[in-house]
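Analysis of the macromolecular model
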Amino acid sequence: MTDAVILAIDQGTTNTKALLMEASGRILARGSVPTGIRYPQPGWVEQDPDELWQCTLEAIARCLEGVHASPTVIGISNQRETTLIWERATGQPLGPAVVWQCRRTTDFCEDLKARG
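Once that is clear, we can look at the overall build of the protein chain. Tallying secondary structure elements over the protein chain gives two helices and six strands in all. Along the protein chain, helices and strands appear, N-terminal first, in the series β-β-β-β-α-β-β-α. For a compact globule of 116 residues, the expected C-alpha radius of gyration is about 13 Å, and the protein chain comes in at 18 Å, more than 25% above that figure. Summarising its shape, the C-alpha atoms of the protein chain cover approximately 55 × 30 × 30 Å along the three principal directions. Out of the 116 residues in the protein chain, the part that is buried amounts to 27%. For the protein chain, the share of sequence-separated contacts (at least 6 apart) that also reach a separation of at least 24 residues comes to 49%. Averaging the positions of the 11 positive and the 14 negative side-chain charges in the protein chain gives two centres separated by 4 Å.

Following this line, the structure appears as structure tokens:
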């Protein structure tokens, strides 16, 4: 797999980055797009799922622009603890992405903890 060209995507809370590299680690190109974040009320943190997707596509496009190599492998790192629910039949999000920093469920979690 020495000829592999890796597209690494890091979809984070504040931006989405794409990195194209050879298997040796030599970087061929990179792209980055800032992502929006909303605070609809104190302690709540969320993002627009459609914006996250568009930022990911744009970061990839910026990374691949003008490069004469195509990825053979894709690696993805995301926010992991951010939660999003999709409608299976339509593929559409059912609400905002609840970001890992959000505290809207703190009282519920404390109640669960108290109950053992």
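We are not done yet, so read on.
All told, the structure shown has zero aromatic pairs when counted by the stated rule. A cation sits over an aromatic face here: Arg-104 above Trp-44, 3.9 Å from the ring centre.

Now for the side chain of Gln-11. Of note, Gln-11 is situated in strand β1 (residues 5-11). Given the relative accessible area of 11%, Gln-11 is considered buried. Reaching out from Gln-11, the side chain makes a polar contact with the side chain of Thr-16 at a distance of 3.1 Å. In contact with Gln-11, other than residues within four places in its own chain, are Thr-16, Thr-35, Leu-52, Thr-56, Ser-77, Asn-78 and Gln-79.

All right, on to the environment of Ala-4 then. On the secondary structure map, Ala-4 appears in the segment before β1. The exposure class of Ala-4 is buried, given its relative accessible area of 7%. C-alpha separation for the pair Ala-4 and Thr-14, spaced ten residues apart in sequence, amounts to 29 Å.

Right, let's talk about the state of the cysteines for a bit. Tallying each qualifying case throughout the model produces zero disulfides. Unpaired in this structure, Cys-109 has its nearest cysteine sulfur neighbour in Cys-102, at a distance of 11 Å.

Below, the discussion takes up the pairing of strand β2 (residues 15-22). Strand direction decides the pairing type here: β1 and β2, joined by seven bridges, are antiparallel. Across the sheet, the residue bridging to Asp-10 is Lys-17, located in β2. Where β1 folds back onto β2 in an antiparallel hairpin, the turn is made up of three residues. In this sheet, strand β3 (residues 27-34) lies alongside β2 in antiparallel orientation, the contact comprising seven bridges. From the neighbouring strand, Ala-18 faces β3, where its bridge partner is Gly-31. The turn linking β2 back onto β3 is made up of four residues, and Gly-25 within it adopts a positive phi angle of 105 degrees.

Conventions adopted
- The numbering scheme is per chain: residues are counted from 1 as the chain's sequence reads.
- In view of the model being predicted, local features appear only for residues whose pLDDT reaches at least 70, and side-chain atom pairs are presented and counted only at 80 or more, with totals across whole chains, interfaces and linings using the full set of residues.
- Neither water nor hydrogens contribute to the side-chain values; these are computed over all heavy atoms in the structure.
- Segments assigned H or I by DSSP are reported as helices when at least four residues long, segments assigned E as strands when at least two residues long, and all are numbered from the N terminus.
- Only C-alpha atoms enter the radius of gyration; for comparison, a globular chain is expected to reach 2.2 Å times N to the power 0.38, where N is the number of residues.
- Summary of the burial criterion: residues with accessible area below 20% of their type's maximum are buried, those above 50% are exposed, and those between are partly exposed, where the area comes from a 1.4 Å probe applied to protein chains only.
- In what follows, a contact means two residues having at least one pair of non-hydrogen atoms within 4.5 Å.
- Two residue types count as positive, namely Lys and Arg, and two as negative, namely Asp and Glu; His and chain ends fall outside the count.
- By convention, the point assigned to a charge is CZ for Arg, NZ for Lys, CD for Glu and CG for Asp.
- Ring pairs are drawn from Phe, Tyr and Trp, using the six-membered ring of Trp, whenever the two centres fall within 6.5 Å, and their geometry is named by plane angle: stacked under 30 degrees, edge-to-face over 60, tilted for the rest.
- Lysine and arginine charges are scored as sitting over a ring when NZ or CZ, respectively, is within 6 Å of the ring centre and within 35 degrees of the ring normal.
- Counted as a polar contact is a pair of N or O atoms within 3.5 Å, where, for protein atoms, one must be capable of donating a hydrogen and the other of accepting one, and residues adjacent in sequence contribute only when both atoms are in side chains.
- The disulfide criterion used throughout: a pair of cysteine sulfur atoms within 2.5 Å.
- By this definition, two strands are paired if DSSP reports at least two bridges between them.

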